[in-house]
Amino acid sequence: MSSASAPPLKGVRVLEFGGLAPGPFCGLLLADFGADVLRLDRATSQTHTDIEPPPTGDWLTRHKSSIAVNIKTPRGVSFVKALLPHVDVIIDPFRPGVLEKAGLCPTEVMLSINPRLIVARMTGFRRDGKYKDMAGHDINYIAVSGVLSMLGRKGEKPLAPGNILGDFAGGGAMCFLAVLLALIAREKDGKGQVVEANMVDGAAYLATMPRLSTKTPTWGRERGTNMLDGGSPFYDTYETKDGKYMAVGALEPQFFAELMKGLNIDPKTFPGSRDDRKTWPYLVDLFTKTFKSKTRAEWEVIFDGTDACCTPVLTQQELEEKSFDQRPPVTLRRTPGYAQVQNASSEPEPAIRAAKGQGAGVEGEGWSAEGLGPSVGGEKVLEEWVGWKKGKQYEVENGGLAKISGGLSML
């Protein structure tokens, strides 16, 4: 995209301690918008050798490189300390106390070495309170946030929506937001800081509207009986003749009228008003039977291009087969993020070209990833960032990079 300026985070250097899900997702967002992200992995017998290690279980590695360092050894810690003056952002995905135990306390060590450093700390539970020392996963974090209790059908157990809400939305995306805010603050006073994100508060914040709505008729009833949680017949999904699904969101009267037109249903035949909850069971039964009378493709022909708020529920496989182009989450018209698809630069319409992003795209185009092996590409990044070379400023010790005495200056 010749007319685009560099992505907004170009030149920001990020050292991401290796982890899974939320931490790497924060790093992915930073990398997709131009930051140079170097992942710090655990050392193994294959790292930093001529034998390329297999990828880790982290697939969120687009635009990243890796080094392997053993932070349980003094020389490994010395290496990290020497790198800190040349880094803008640290991503800490560990449970509370891990960096402190390694001798890399963010406040007492990291910021004393580099006062401009932003240390982004990601946890599941809050760092204070009842659960702070406990292990957990996405389902646990959204459970104690109050959000999980709101998800699921009437009379059924709460339903966890994969690990999207806690790990990625409440965790990684909120951590990304924290880093951006800290970068803005640093522009004003030149000072870095520790920023913290946790999935409990992140998920709870995302549920601000539903939580406030529990004091209103919109969301004040039992789970699965409210307007937006599967209780309303005109805000739900319906199976079609071929076992696929259509999604209905016809909340407003004018959109509901369009839905009835497409379904060939006369609202005058209803036993009561559509807004009367006593009518809802009748509508659920009617819509269920009607949608099953045609295939999803037939319903698409009827509803595409209308204001009925009725769309197909497409699977990831279908979208991939149809070459649905994955894009950056937001469009910056002058400084777009990096493209995922490899034909983005050939898009003739400027607005769509910016939406697709800039650059050559990536293999897999957002549908598949080969991952990143520990230590792959990282030594080249070290040379580009600070001119360090193996054998001069650092060496390999049991698969991990280690500081050569006197070889790395922290100035």
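Remember, predicted model here, so these are calculated numbers, not experimental data. (Residues numbered from 1 in each chain as written. Predicted model: local features only at pLDDT ≥ 70, side-chain atom pairs only at ≥ 80, totals over all residues. Heavy atoms only, no water.)

1. Let's talk about the nonpolar core
Right, so step 1: Within the largest apolar cluster, 29 residues are counted, with the highest numbers of intra-cluster contacts made by Phe17, Ile71, Phe79, Leu83, Ile90, Met110 and Leu382.
Right, so step 2: The set of elements that each furnish at least two residues to this core consists of strand 1 (13-17), strand 2 (36-41), helix 2 (74-83), helix 4 (106-113) and helix 14 (378-386).
Right, so step 3: With sequence-adjacent residues up to four places away left out, leucine 83 is seen in contact with Leu15, Ile67, Leu382, Trp385 and Trp388.
Right, so step 4: Grouped together as the second largest cluster of nonpolar side chains are 27 residues, Val12, Val37, Ala182 and Leu183 included. (Core = buried A, V, L, I, M, F, W, Y, C linked by side-chain atoms within 4.5 Å. Buried < 20%, exposed > 50% of the residue type's maximum accessible area, 1.4 Å probe, protein only. Helix = DSSP H or I, 4+ residues; strand = E, 2+ residues; numbered from the N terminus. Contact = heavy atoms within 4.5 Å.)

2. Points about helix 4
Right, so step 1: By the burial criterion, the buried members of helix 4 are Pro106, Val109, Met110 and Leu111. Down the axis, helix 4 shows its buried residues gathered within 165° of arc, on one side only.
Right, so step 2: Summarising the contacts, the buried residues of helix 4 are in contact with strand 1, helix 2, strand 4 (89-92), helix 3 (98-101), strand 5 (118-123) and strand 6 (193-198). (Arc of directions from axis to C-beta.)

3. Overview of helix 6 (residues 164-189)
It helps to recall that an α-helix has 3.6 residues per turn; residues three or four apart then point in one direction.
Right, so step 1: The end-to-end C-alpha distance of helix 6 is 35 Å, a good match for the 38 Å that 26 residues give at a rise of 1.5 Å each.
Right, so step 2: Within helix 6, the axis deviates most sharply at methionine 174, by approximately 25°.
Right, so step 3: With its phi angle positive at about 75°, glycine 190 sits one or two positions after the end of helix 6. (Expected span 1.5 Å × (residues − 1). Bend = angle between axes of the 7 residues up to and from the residue.)

4. As for the sheet that holds strand 8 (residues 245-249)
Right, so step 1: Pairing within the open sheet is antiparallel, and its 3 strands lie in the order 7-8-9. The sheet is open, and its two edges are formed by strand 7 (235-239) and strand 9 (310-312), each paired on a single side. Each adjacent strand pair in this sheet contributes to an overall mean axis angle of 25°, direction not counted.
Right, so step 2: Bridge analysis of strand 8 against strand 9 gives 3 bridges, and the strand direction is antiparallel. Each bridged residue has a counterpart across the sheet, and for methionine 246 the counterpart in strand 9 is proline 312.
Right, so step 3: Contacting strand 7, strand 8 and strand 9, helix 10 (residues 280-291) runs over the sheet at an angle of about 40° to strand 7. (Pairing = 2+ DSSP bridges. Axes fitted to C-alpha atoms, helices over the stretch in contact; angles between N-to-C directions.)

5. What about the pairing of strand 5?
Right, so step 1: Of all 6 residues that make up strand 5, 6 are buried, and the element is covered over most of its length.
Right, so step 2: Residues Ile118, Ala120 and Met122 of strand 5 are buried on one face, and the alternating residues Val119, Arg121 and Thr123, pointing to the opposite face, are buried as well.
Right, so step 3: Pairing of strand 4 with strand 5, which is carried by 4 bridges, proceeds in the parallel orientation. Each residue of the ladder has a partner; that of isoleucine 90, found in strand 5, is valine 119.
Right, so step 4: Across 6 bridges, strand 5 lies against strand 6 in parallel orientation. Along strand 6, the bridge assignment pairs threonine 123 with asparagine 198.

6. Notes on unusual backbone geometry
With the exception of glycine, the majority of residues adopt a negative phi angle, and the majority of peptide bonds are in the trans configuration.
Right, so step 1: Backbone geometry places glutamate 365, a non-glycine residue, at a positive phi of 50°.
Right, so step 2: Here glutamate 365 shows up in the loop between helix 13 (350-356) and helix 14.
Right, so step 3: Residue glutamate 365 is classed as partly exposed on the basis of its relative accessible area of 27%.

7. Digging into the state of the cysteines
Right, so step 1: Within the structure shown, the criterion is met by 0 disulfides.
Right, so step 2: Unpaired in this structure, cysteine 26 has its nearest cysteine sulfur neighbour in cysteine 175, at a distance of 3.7 Å.
Right, so step 3: We classify cysteine 175 as buried; its relative accessible area is 1%. (Disulfide = S-S within 2.5 Å.)

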